[in-house]
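Fold and contact review
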Amino acid sequence: MALALIIDDEVDLCRLMQMTLKKMGIETKVAYDYATGISHLSEYSFDFCLTDLKLPDGTGLDIVKLINKNYAKTPVAVITAHGSMDLAIEALKLGAFDFVNKPLELSRLRQLVENALKVAENSNKLNCKEVYDPFSNRLIGQSNAIAQLKTTIQKLARSQAPVFLWGESGTGKEVVAKLIHDLSPRCSANFVPVNCGAIPSELMESEFFGHKKGSFTGATADKEGLFQQANGGTLFLDEVADLPISMQVKLLRAIQEKKIRPIGSTQEIAVDVRLLSATHKNLAKLVETGEFRQDLYYRINVIEVKLPSLNERRDDILLLANHFIALIADDWGLAQPPTLSNEAAVQLANHHFAGNVRELRNILERAITLADDNVIEAHHLNLPLSAANVPPDTHNIHEITETPNHPVLSTLSQPSALQVSPLAEAKSASNSPINTSYSSNLFATGYKVKPNIQLAPTPTQSTHESLTLDAPIGSINAPNLAHPPVEEGQLPEEGLEEYLMNQERKVIIAALNHSGWNRTQAAKLLNTTFRSLRYRMKKLGIDSDSDINIESDED
């Protein structure tokens, strides 16, 4: 038989809770103050604990801290006076799994007790690793960031507190939300995901709260809202930042009161829903600008979890790639999953994933489609050439020398600093045909490569005009544009990343100056896309002062 600890200084309330729990087949121990509660905790092993926030000789928050520190497997819920929502939220942040308001509603108390018993049961199940791995084939990765995220998910699954997930688009926010639900005591009930940005504003209230037949034109039957569908389970609000202000007010009341009123109804309906929300936007900034209600922000942001981007866990890229290749092969009915060539693996490992995991899967789907056989080569990935992911090549390289640690590619006929042929005025250059001759690679991961770029002069150029890369048109927001040239056989003092960024910055500035800072023309000159160039300019701190005097810059 389960054993519960009740800590409250109100004798009548304690008796009411004792009677209710006894009818549910649960034995209880009662403490009327903090000291007695601590004594019972050290003497007995409890399945869960109910504590008031205000005690004669202490606070319920101290009980929550103590239990989470010394009795982590024991779920603890807090009892709050009406209007003490801020204290309840503080208790949830400290580790309480749920709260109940005074005056007690017995139906709400029974639901809380049932959830508490499920939390204890789930904790025992998760601690038994031989039963199953809850993250198998769902949250892929072995990096420190993912290991920490898995630990956090298991902690959040024990709680009933609202969780706010934020991170870049494509980082797997819905995957994490579903894991929290599946590992929680609510796993047998519905998980209802909804994209807030996909619902027309005029239909939002009906979608969230439902409606009665005849409540408006077209309401031909009663309809359950999303809150009712998720009753007893989890409601996941994706892109919650896209909610209009009018809907934010109604959502706030539903979260606080745990009740909803369908359109056309005169009665409120009690709902038991755990709320998870997510967005890729900075919600705190939206609060500052008045685009998101501050009170709703604090209700949904009880526990905040930042999801790492794929670029922050590069150790997992190839692991994820192989996982997706196997999934795609299974979905498409391929006899054998394709494999990545070494060159393709290097490009993937060094690619900057603006779209994170979603982008990685899209790249692999395209590559498998384009692959001629069962091997995915680098050119099948169709990744933009950059300092990070261009494989080494020997075009226009006159001599290859090696150091004991790593090879050095050098061009004997070219100086180590970037050389650009004379250029005409920027405006005329942007409208003139441009001949470009690049070496087959600008940079290579793991190599020191000296670029060989020749920009042919237009007919209006004289042979003695020259361009100084350190004084481009427009503003450069990045310091230290030039470093001393790297001599053959030496390593760059500033480190590989800084060296490559400086070289890439020089190439982009040269192309921008040659095209009169027309980014569309510069992108063509560099054989890349406009969006890729714009991203690189932002990353490297290259920005034009104004686009007013520059010809059309749109792709």
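See the structure above.
Attention here is on the structure that accompanies the text. (Residues numbered from 1 in each chain as written. Predicted model: local features only at pLDDT ≥ 70, side-chain atom pairs only at ≥ 80, totals over all residues. Heavy atoms only, no water.)

Here's the deal with the overall build of the protein chain
Of regular secondary structure, the protein chain possesses 20 helices and 22 strands. Taken across its 555 residues, the protein chain has 48% of its residues classed as buried. Sequence separation of 24 or more characterises 70% of the internal contacts of the protein chain that already satisfy a separation of 6 or more. (Helix = DSSP H or I, 4+ residues; strand = E, 2+ residues; numbered from the N terminus. Buried < 20%, exposed > 50% of the residue type's maximum accessible area, 1.4 Å probe, protein only. Contact = heavy atoms within 4.5 Å.)

Examining the nonpolar core
Ranked by size, the top nonpolar core spans 45 residues in total, and within it Ile-153, Val-163 and Leu-165 carry the most contacts. Counting 32 residues, the second-largest nonpolar core is a separate cluster that includes Val-194, Ile-255, Ile-260 and Leu-296. (Core = buried A, V, L, I, M, F, W, Y, C linked by side-chain atoms within 4.5 Å.)

Focus: helix α1 (residues 11-23)
Its 13 residues give α1 an end-to-end C-alpha distance of 19 Å, which sits within 8% of 18 Å, the value for a rise of 1.5 Å per residue. At the exit of α1 stands Gly-25, carrying a positive phi of roughly 80°. (Expected span 1.5 Å × (residues − 1).)

What to know about the packing of aromatic side chains
Under the definition given, this model contains six aromatic pairs. Between Phe-208 and Phe-227, the aromatic rings sit 6.4 Å apart at their centres with planes inclined by 50°, giving tilted as the arrangement. Remark: Phe-227 occurs in helix α9 (residues 226-229) and Phe-208 occurs in helix α8 (residues 204-209); sequence separation between them is 19 residues. Under the relative-accessibility criterion, Phe-208 is labelled buried at 0%. On the basis of relative accessibility, which here comes to 3%, the residue Phe-227 falls in the buried class. The rings of Phe-208, Phe-209 and Phe-227 are connected pair by pair, giving a single aromatic cluster. Taking NZ or CZ as reference, Lys-306 lies 5.3 Å from the ring centre of Trp-166, over its face. (Phe/Tyr/Trp six-rings, centres within 6.5 Å; stacked < 30°, edge-to-face > 60°. Lys NZ or Arg CZ within 6 Å of the ring centre and 35° of its normal.)

Some words on empty space enclosed by the protein
Under the defined criterion, the tally for this structure stands at four cavities of 30 Å³ or more. Quantified by volume, the largest cavity comes out at close to 260 Å³. Pro-162, Ile-255, Lys-258, Val-273 and Leu-275 are, among the 22 residues lining the largest cavity, the residues nearest its centre. For the lining of the largest cavity, the secondary structure elements donating two or more residues are α4 (85-94), β7 (98-101), α10 (245-257) and β13 (274-279). (1 Å grid on protein atoms, 1.4 Å probe; cavity = no way out; pocket = protein on both sides within 12 Å on 5 of 7 lines; lining within 4 Å. Points joined across faces, edges and corners; volume = space filled by probe spheres on them.)

Side note on the pattern of salt bridges
In this structure the tally under the stated criterion is 17 salt bridges. Between Asp-98 and Arg-108 there is a salt bridge, with its nearest N and O atoms 3.2 Å apart. Here Arg-108 lies in helix α5 (residues 106-127) and Asp-98 lies in strand β7, a separation of 10 residues in the sequence. Overall, the relative accessible area of 4% leaves Asp-98 in the buried class. Here Arg-293 makes a salt bridge to Asp-295, at a shortest N to O gap of 2.7 Å. Classification of Asp-295 as partly exposed rests on a relative accessible area of 27%. Taken together, the shared-partner salt bridges connect Asp-8, Glu-10, Asp-52 and Lys-102 into one network. (Salt bridge = Lys/Arg side-chain N within 4 Å of Asp/Glu carboxyl O.)

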